2 protein chains.
Amino acid sequence: MNSTSTAGLPPKTRDALTAAQLYYLQDLTMDAIAHELHTSRSSVSRLLGHARETGLVEIQVKSPLDMPRQLEGDIRSEFGVVAHVVPVPDQTSDVDRLERVALSAARILGGFVDSNMSMGVAWGSTMSALSRHLLAKPTHNSTIVQLNGAANPRTTGLLYASEILQRFGAAYSATVQQFPVPAVFDDPATKAALWRERSISRVVEMQNSLDVAVFGLGSPFAGVPSHVYIGGYLDDDDFASLRAAGVVGDVATVFYREDGSTDGIGLNERSSGPSMEVLTGIARRVCVVAGETKLQSLRGALAAGLVTDLIVDSGTARMLVGN
Amino acid sequence: MNSTSTAGLPPKTRDALTAAQLYYLQDLTMDAIAHELHTSRSSVSRLLGHARETGLVEIQVKSPLDMPRQLEGDIRSEFGVVAHVVPVPDQTSDVDRLERVALSAARILGGFVDSNMSMGVAWGSTMSALSRHLLAKPTHNSTIVQLNGAANPRTTGLLYASEILQRFGAAYSATVQQFPVPAVFDDPATKAALWRERSISRVVEMQNSLDVAVFGLGSPFAGVPSHVYIGGYLDDDDFASLRAAGVVGDVATVFYREDGSTDGIGLNERSSGPSMEVLTGIARRVCVVAGETKLQSLRGALAAGLVTDLIVDSGTARMLVGN
DNA sequence: AAACCCGATGCACAAACGTGCAAGGAGAGT
DNA sequence: ACTCTCCTTGCACGTTTGTGCATCGGGTTT
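A few points on the structure. In this convention, every chain numbers its residues from 1, walking through the sequence in written order. Both sets of labels track the order of writing: A upward for chains, 1 upward for ligands. Restriction of local features to residues with pLDDT of at least 70 applies here, the model being predicted, together with a cutoff of 80 or more for giving and counting side-chain atom pairs; totals for whole chains, interfaces and linings are based on all residues. Derived side-chain values reflect all non-hydrogen atoms in the structure, with water molecules and hydrogen atoms excluded from consideration.

1. Observations concerning the overall build of chain A
Next, step 1: The helix and strand labels rest on DSSP assignments: H or I over at least four residues marks a helix, E over at least two residues marks a strand, and numbering proceeds from the N terminus. If you tally the helices and strands in chain A, you get 15 helices and ten strands.
Next, step 2: Remark: exposure states derive from per-residue accessible area (1.4 Å probe, protein chains only) relative to the maximum for the residue type, with buried under 20%, exposed over 50%, and partly exposed in between. The buried share of chain A, taken over its 323 residues, is 55%.
Next, step 3: Any pair of residues with heavy atoms lying within 4.5 Å of one another is described as a contacting pair. Put simply, of all contacts in chain A between residues at least 6 apart along the chain, 71% involve residues at least 24 apart.
Next, step 4: Surface accessibility follows the Shrake-Rupley procedure with a 1.4 Å probe radius. Residue values consider only the protein chains on display as shielding. Total accessible area on chain A is roughly 13300 Å²; 52% of this is exposed by carbon and sulfur atoms.

Here it is, written out as structure tokens:
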């Protein structure tokens, strides 16, 4: 037989690996591979799909180092963050835009993940889309940690948030740490009390020593409110106070103004999300943004120094640097 | 417009980059991309081909680290070299085998190249095939150095060897150092004299400080003689002496026995290739072998410790570890 | 200015590919 | 033993992709 034999691992993986070699390294057609593997061409097609999904095959697009892409360079020099601009036609709808940014972000994220890492993950529509497109990259001893609670007066939010977390865990073969608390507490004292519970403080401590954080941005007063703002997490008084305080956005239910400041925003005392200090203590902070409605929010996050790596669609990127 | 604008670099590259992002990172069809770029689908197809050829897109196949491939593991533990086994059906002809190994080798080689490196390159049918499939990887300040002369009583060999060298140079945007000397001298004194010429000694010195060497293997007495042995480089007396000395193969016209020894092989005094000591002083020594006719030669090279990285077809690999 | 060359373009066709579907098979539960 | 479920397979079809060819436009040579 053909064979580059491997032992132990599932024959499916074994075949996928061989097929990937033949297809991507030797440019055989799927037909030819099917013949070599004694199966049908369609199986080979599926095999290759499997190989891509599970990270056996890695495809990178790298811009020539000589000339970094202009927008990315502009953003870097103006805001001091590494930018990944996702090309999207200008007339694209916001949903498509999100979908395409999420798709690219999911692939870029693979480069940030490695063994023995802990990664903090927020939730929201951006993170949900992102999680749906993750490519597998096997690691050892990694942990995915939920950044902020997802419960609200109507639901525990666990299903929604854990679905996202689980997908991250599966993609990176990492253990998952959920954070079963309300997104925003009614009473700050309850939060303080809960934070003393060992089961909870354990997670909080993990949040304090993350290697990477991944999050989208909320934009309370923009055209299309994010998940946080329509899910019943906040009541009318909360909204009013946010507006009064001049809030333009949030990261993991922690709110900030356009200049990045947070002082005197009462809601943050009751929020389950990590404080700005904790967040900025994380070495790599990946922010995923799609759509111009989040522009103001993005400016705030950048001003606050919350972001080290920005993944953003080209339209919003252009608005950001103003041209 | 769409745009992720870049400046300076050729619009072709710019478009290829965008197309690659849309195709490989966002899974659009070429049709859709053609629409976004305002061109025809066929142009996009060619654009993507260009992107792959020029290294804008990099595709890697990685075996799960958990379970390295069996043959590769066997070879590593038995011979202490990193092996890349190229799957090839057993009944493949030797030419196809060579072609397929060369194709894979060309892609693997990309991972060994980087800026500020000097790479020694041999010539021969294997290297020729390999050079034809190299993928571009732009580097700075790299050098390709010819390992051994290619002139013989019939031709200067420059065309043949330089074609190979040039392709390496082009692929890695490196400067090329040719070595315009006979493969094998008639008179060792001439070699000594020439080695004192500054134009030549300059190259010899570069050979002494290489970071990587890439070479195939010769097998003088195997079924299909390699390029060296039919090109008129050696006369009948030479052949007789090689046979008498028990030679099984060569690297860059430096000959060795099956046990890796070279003592008393007179021809080596007259060879233009780097001595074993020089070769083994190079940190990474990549050997590309296709076909069982080179098995004996391969054993010799391994015994001599000439190889750190081996790229070999599955059939020969299996013979090598004996099962 | 004419002739020429070279690379880029779109067309049209054939080759290669992805996927819904129905059939088959292995294993778990009854 | 039977059924039910879940996964895998190959087929058939429509879609997507590669490429030979004719064309065109810009730049160079004569």
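2. What to know about the protein's contact with DNA strand C
Next, step 1: Near DNA strand C, the surroundings consist of 14 residues, among which Tyr23, Met30, Arg41 and Ser45 of chain A together with Arg46 of chain B are the closest.
Next, step 2: Within 4 Å of the protein, atoms of DNA strand C come from sugar and phosphate in 42% of cases.
Next, step 3: Polar contacts here mean pairs of N or O atoms no more than 3.5 Å apart (in protein, one a potential hydrogen donor and the other a potential acceptor; neighbouring residues in sequence count only if both atoms are side-chain atoms). The separation between a phosphate oxygen of DNA strand C and a polar main-chain atom of Met30 of chain A is 2.7 Å.
Next, step 4: One nitrogen or oxygen atom from the side chain of Arg46 of chain B is found 2.9 Å from a base oxygen belonging to DNA strand C.
Next, step 5: Listed by contribution, the elements that provide at least two residues to the surface near DNA strand C are α3 (41-53) of chain A together with α3 (41-53) of chain B.
Next, step 6: As a working rule, the residues Ala, Val, Leu, Ile, Met, Phe, Trp, Tyr, Cys and Pro are called nonpolar, Asp, Glu, Lys and Arg charged, and the rest polar, with Gly in that last group. Of the residues in the surface near DNA strand C, the class split is two nonpolar, seven polar and five charged. Residues are labelled near a given molecule or strand when at least one of their non-hydrogen atoms is within 4 Å of it.

3. A word on the protein's contact with DNA strand D
Next, step 1: If you check the shell around DNA strand D, you find 14 residues, and the closest are Thr39 and Arg46 of chain A together with Met30, Arg41 and Ser45 of chain B.
Next, step 2: Sugar and phosphate atoms represent 44% of those atoms of DNA strand D found within 4 Å of the protein.
Next, step 3: With respect to DNA strand D, the side chain of Tyr23 of chain B contributes an N or O atom lying 3.1 Å from a phosphate oxygen.
Next, step 4: No other element matches the five residues that α3 of chain B contributes to the surface near DNA strand D.
Next, step 5: Considered class by class, the residues forming the surface near DNA strand D number two nonpolar, seven polar and five charged.

4. Things to note about the sheet that holds strand β5 (residues 175-177) of chain B
Residues and elements named next belong to chain B.
Next, step 1: An order of β2-β10-β9-β6-β3-β4-β5 is seen for the seven strands of this open sheet, with the pairing classed as parallel. Every other strand in the sheet has two partners, leaving β2 (82-86) and β5 as the edge strands with one partner each. The average angle at which neighbouring strand axes cross in this sheet is 20 degrees, direction not considered.
Next, step 2: Note: two strands are recorded as paired if DSSP finds a minimum of 2 bridges between them. As judged from the three bridges shared by strand β3 (residues 118-121) and strand β6 (residues 212-215), these two strands associate in the parallel manner. Residue Val121 lies in a different strand from β6, and its bridge partner there is Val214.
Next, step 3: Strands in contact with helix α5 (residues 94-110) are β2, β3, β6, β9 (284-289) and β10 (309-313); relative to β10, the strand with the most contacts, it is inclined by about 145 degrees. As a rule, the C-alpha atoms of each element are fitted with a line to give its axis, helices using only the stretch in contact, and angles between N-to-C directions run from 0 to 180 degrees.

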